[in-house]
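# Examination of the molecular architecture
So you can see what is in the structure, the chains are spelled out below.
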Amino acid sequence: MDATLLSQVSQFKQAATKNTFISQKASTQNSYSTYTSDVNRKRKIVKPEKNETISKSQQASNSANFSVMARIVEYLRKRFLDKLNPLKWGLTLDEILQEMQIYDLNKKAINWLNENLPKNPKITQEEPGKFIFKPPYNISNPSALRNLLQKQMKSGECGLLHSELAECIPDVEYFISKIQQNVISIPTQFNKRKDTVYFFNDPTHDYELDDDFKALWRTIPVSHLDDRRIEEYLKKHNIKSIKDIQPKANNSGVPKRRARKRANVKQQNVHMDGILEEYAE
């Protein structure tokens, strides 16, 4: 075979192999495979900042501390308002946690409770470090409740709600039954819940009208008087009637448009008046 033909065949084969290699490389680059290399995985992983992790941990610890404090307040309230055996002496935080069987608190949470329990409005301290439930009012017996209602009435304040008294005394109904004659109870609704409000019933405010006064009141006839005569009587005694004290209408609104007067229109065929006749059937 000719040497030139052999050289052309070898050149053709080399060119063909180069083209196939380039096409394979391009196909691998443009492929949409879900496989990611280890390098890409390392690039995609973004570690959270230290400040974010600290803030999240603080929020979690604060929410846990507040939930524990709410449980402590509820425990002290039930302990204070126990009907059979009300316990009205203070406890330290360690004693409270032991009675509640809470043993999984760390030192940081205990320090937080020691700092924030005295700030709770529903807790007071008899001695430093001894906590007890703080009721809205100090009521020890039915007479103290009667005195409190009387004080509220004299000072012009509102009555006492049943829900408020339920946080002061173990059995509200028993105390109310003992002073029933001095209490006025009215059903009401407070914070979208049914409730009862109690007022002091002052016996000095109860009085009856004499029968003579009632008879004199009923002997005055007013059925024959109409509104006009009543108004004349009021004017005669310099008493302003309701019509006089009514506020005047404010005419500051949009003024009404006046109707335009039509101009004198010239009449047509005036010279034919009296000549034309109508021949209606």
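In short, a report on the structure.

Calculation notes
Residues numbered from 1 in each chain as written. Predicted model: local features only at pLDDT ≥ 70, side-chain atom pairs only at ≥ 80, totals over all residues. Heavy atoms only, no water. Helix = DSSP H or I, 4+ residues; strand = E, 2+ residues; numbered from the N terminus. Buried < 20%, exposed > 50% of the residue type's maximum accessible area, 1.4 Å probe, protein only. Contact = heavy atoms within 4.5 Å. Salt bridge = Lys/Arg side-chain N within 4 Å of Asp/Glu carboxyl O. Pairing = 2+ DSSP bridges. Core = buried A, V, L, I, M, F, W, Y, C linked by side-chain atoms within 4.5 Å. Patch = residues over 30% accessible without salt bridge, like charges linked within 9 Å, V, L, I, M, F, W, Y side chains within 5 Å. Areas by Shrake-Rupley, 256 points an atom, 1.4 Å probe, with all protein chains shown as cover. Lys, Arg positive; Asp, Glu negative; His and termini not counted. Charge placed at Lys NZ, Arg CZ, Asp CG, Glu CD. Arc of directions from axis to C-beta. Polar contact = N/O pair within 3.5 Å; in protein donor to acceptor, adjacent residues only side chain to side chain. Axes fitted to C-alpha atoms, helices over the stretch in contact; angles between N-to-C directions.

## Quick notes on the overall build of the chain
For the chain, the helix and strand inventory stands at 10 helices and 5 strands. The burial tally for the chain puts 19% of its 281 residues in the buried class. Considering only intrachain contacts with a sequence separation of at least 6, the fraction spanning at least 24 residues in the chain is 57%.

## Some details on the pattern of salt bridges
Counted by the stated rule, this structure contains 3 salt bridges. One salt bridge in this structure joins Arg77 and Glu74, with 2.9 Å as the shortest N-O distance. Taken together, the residues span about one helical turn, with Arg77 and Glu74 both in helix α3 (residues 50-80) at a distance of 3 residues.

## Considerations on the pairing of strand β4 (residues 183-190)
For β4 and strand β5 (residues 193-200), the ladder comprises 8 bridges, and the chain directions are antiparallel. Residue Pro187 lies in a different strand from β5, and its bridge partner there is Thr196. Between the antiparallel neighbours β4 and β5 lie 2 residues, among them Asn191 with a positive phi of about 55°.

## Some remarks on the nonpolar core
Counting residues in hydrophobic clusters, the biggest one holds 20 residues, and the most contacted among them are Ile72, Leu76, Leu93, Ile96, Leu113, Leu117 and Phe131. Listing elements by their share of this core, those giving two or more residues are α3, α4 (93-100), α5 (107-116) and β2 (130-133). With 6 residues, the single largest contributor to this core is α3. In this structure, Ile139, Phe175, Ile176 and Ile179 belong to the second largest nonpolar core, which totals 16 residues.

## Quick notes on a negative patch on the surface
Together, Glu208, Asp210, Asp211 and Asp212 make up a region of like negative charge exposed at the surface. Using a relative accessible area of 75% as the deciding quantity, one classes Glu208 as exposed.

## Topic: unusual backbone geometry
Within the chain, Gln101 stands out as a residue other than glycine whose phi angle is a positive 60°. Of note, Gln101 is situated in the loop between α4 and α5. A positive phi angle is found at Lys192, which is not glycine, with a value near 60°. Among the structural elements, Lys192 can be located in the loop between β4 and β5. By relative accessible area, which is 80% here, Lys192 ends up exposed.

## Some thoughts on the pairing of β5
Sheet analysis places strand β3 (residues 160-161) next to β5, joined by 2 bridges and oriented antiparallel. Residue pairing for β5: Leu161 is matched across the bridge by Val197.

## Brief notes about α4
Spacing of three or four residues puts side chains on the same side of an α-helix, whose turn is 3.6 residues. Leu93, Ile96, Leu97 and Met100 are the residues of α4 that are buried. Axial view of α4: buried residues confined to an arc of 95°, hence all on one face. Backbone geometry just downstream of α4 places Gln101 in the positive-phi region, at approximately 60°.

## Quick notes on the side chain of Asp195
In this fold, Asp195 is placed in strand β5. Although Asp195 is buried, it makes no salt bridge; Arg193 carries the closest opposite charge, 8.6 Å away. A distance of 2.8 Å separates the side chain of Asp195 from the side chain of Ser163, its partner in a polar contact. Not counting chain neighbours up to four residues away, the residues in contact with Asp195 comprise Leu161, His162, Ser163, Ile186, Pro187, Thr188, Gln189 and Phe190.

## Focus on the sheet that holds β4
Pairing is antiparallel in the open sheet, where 3 strands are placed in the order β3-β5-β4. In this open sheet, the two strands that pair with only one neighbour each are β3 and β4. Along the sheet face, helix α6 (residues 142-154) touches β3, β4 and β5 and points at about 85° away from the line of β5.

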